[in-house]
Amino acid sequence: MREPQPDWLSSRLSRDHVADYKPFVFVDGEGVRCSLYVSGCLFACEGCFNEAAWSFRYGTPYTAVLEDRILTDLAHESVQGLSLLGGEPFLNTGVCLQVTRRLRAELGHARDVWAWSGYTFEELLAASADKVELLGMLDVLVDGPFTLAERDLTLPFRGSRNQRVLDVPASLRAGEAVAWQAQTAGPAHSS
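Quantities reported herein were computed from a predicted structural model and do not represent experimental measurements.

Participant: Can you walk me through the side chain of Ser 35 in this structure?
Facilitator: Mapped onto the secondary structure, Ser 35 falls in strand β2 (residues 32–38). The exposure class of Ser 35 is buried, given its relative accessible area of 0%. Here Asp 28 takes part through its side chain, which lies 2.7 Å from a polar atom of the side chain of Ser 35. The contact partners of Ser 35, leaving out residues within four places of it in the chain, are Asp 20, Tyr 21, Lys 22, Val 25, Asp 28, Ser 83 and Leu 85.

Participant: What is the right way to read the confidence of the model for the protein chain from this model?
Facilitator: Segments scoring low in pLDDT should not have their predicted coordinates read at a detailed level. In this model, the protein chain carries an average pLDDT of 93, and 95% of its residues clear a pLDDT of 70 or more. Segment residues 185–191: pLDDT under 50, and 16 contacts once partners within four positions in sequence are set aside and those in other chains are kept.

Participant: Looking at this structure, I do not really get the packing of helix α3 (residues 93–107) against helix α5 (residues 129–137). What am I missing?
Facilitator: Pairs of packed helices are described in terms of their axes, by the angle between the two and the distance that separates them. Across the interface, α3 lies against α5 with an axial gap of 10 Å and an inter-helix angle of 35 degrees. The crossing of α3 and α5 is left-handed. Touching Thr 93, Cys 96, Leu 97, Thr 100, Arg 101 and Arg 104 of α3 are Asp 130, Lys 131, Glu 133, Leu 134 and Met 137, all from α5. Counted by class, the contact of α3 with α5 contains four nonpolar, two polar and five charged residues.

Participant: Sorry, what's going on with the packing of aromatic side chains here?
Facilitator: Any two aromatic rings considered together are summarised by their centre-to-centre distance and by the angle between their planes. Tallied over the entire structure, the rule returns five aromatic pairs. Consider the rings of Trp 114 and Phe 157, whose centres lie 4.9 Å apart with planes at 70 degrees: the pair is edge-to-face. Placement of the pair is Trp 114 in strand β5 (residues 112–117) and Phe 157 in the loop between β6 (140–143) and β7 (164–167), with a sequence separation of 43 residues. In this structure Trp 114 comes out as buried when scored by relative accessible area, which is 0%. For the pair Phe 157 and Trp 180, a centre-to-centre distance of 5.7 Å together with 75 degrees between the ring planes defines the contact as edge-to-face. With Phe 157 in the loop between β6 and β7 and Trp 180 in the segment after α6 (168–174), this pair connects stretches of sequence that are 23 residues apart. What makes Phe 157 partly exposed here is its relative accessible area of 26%. Ring-pair connections join several aromatic residues into one group, and the members of that group are Trp 114, Trp 116, Phe 157 and Trp 180.

What counts and what doesn't
Residues numbered from 1 in each chain as written. Predicted model: local features only at pLDDT ≥ 70, side-chain atom pairs only at ≥ 80, totals over all residues. Heavy atoms only, no water. Helix = DSSP H or I, 4+ residues; strand = E, 2+ residues; numbered from the N terminus. Buried < 20%, exposed > 50% of the residue type's maximum accessible area, 1.4 Å probe, protein only. Polar contact = N/O pair within 3.5 Å; in protein donor to acceptor, adjacent residues only side chain to side chain. Contact = heavy atoms within 4.5 Å. pLDDT = per-residue confidence, 0-100. Axes fitted to C-alpha atoms, helices over the stretch in contact; angles between N-to-C directions. Left-handed = near helix turned anticlockwise from the far one by under 90°. Nonpolar A, V, L, I, M, F, W, Y, C, P; charged D, E, K, R; others polar. Phe/Tyr/Trp six-rings, centres within 6.5 Å; stacked < 30°, edge-to-face > 60°.

Right, here's the structure in full:
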């Protein structure tokens, strides 16, 4: 595994490609999700489930047509939210910020946003402005690199014991990581 630095910029690395888009899934967070898998990751975690998406050129370019489809799918009443996976979302902030800004503009907080990152909350909080902005768009962050030696398939929403599932708004208010608690129904925040 490599250790990408929080100051490595998406604008220098990302090629604005997506590895995949999967609407109406049940595995990438709580409830029915629309999952966007961005291309490009420098962590190279041993045992990664999506090794093909390490390349910043993998997949296809992100387009307005795809963005329109994502927003149409997110507007469906059964969908709880958007999941950003990869690759590494925080090394692909151009794509991730574009879709989350539009989501917030059109649907407010009627849909939640989850992201998985090899970076920790603390690293992101002290990182470049684009990473901090994306962090602020999230409701839930699963942080930390996947560590094969700590793999635990019984953990909800994460693959290894070192990873945390965090409530981002509560963490930002507290200035430290706050564990996420499952909601009983609906999105994490109302509009």
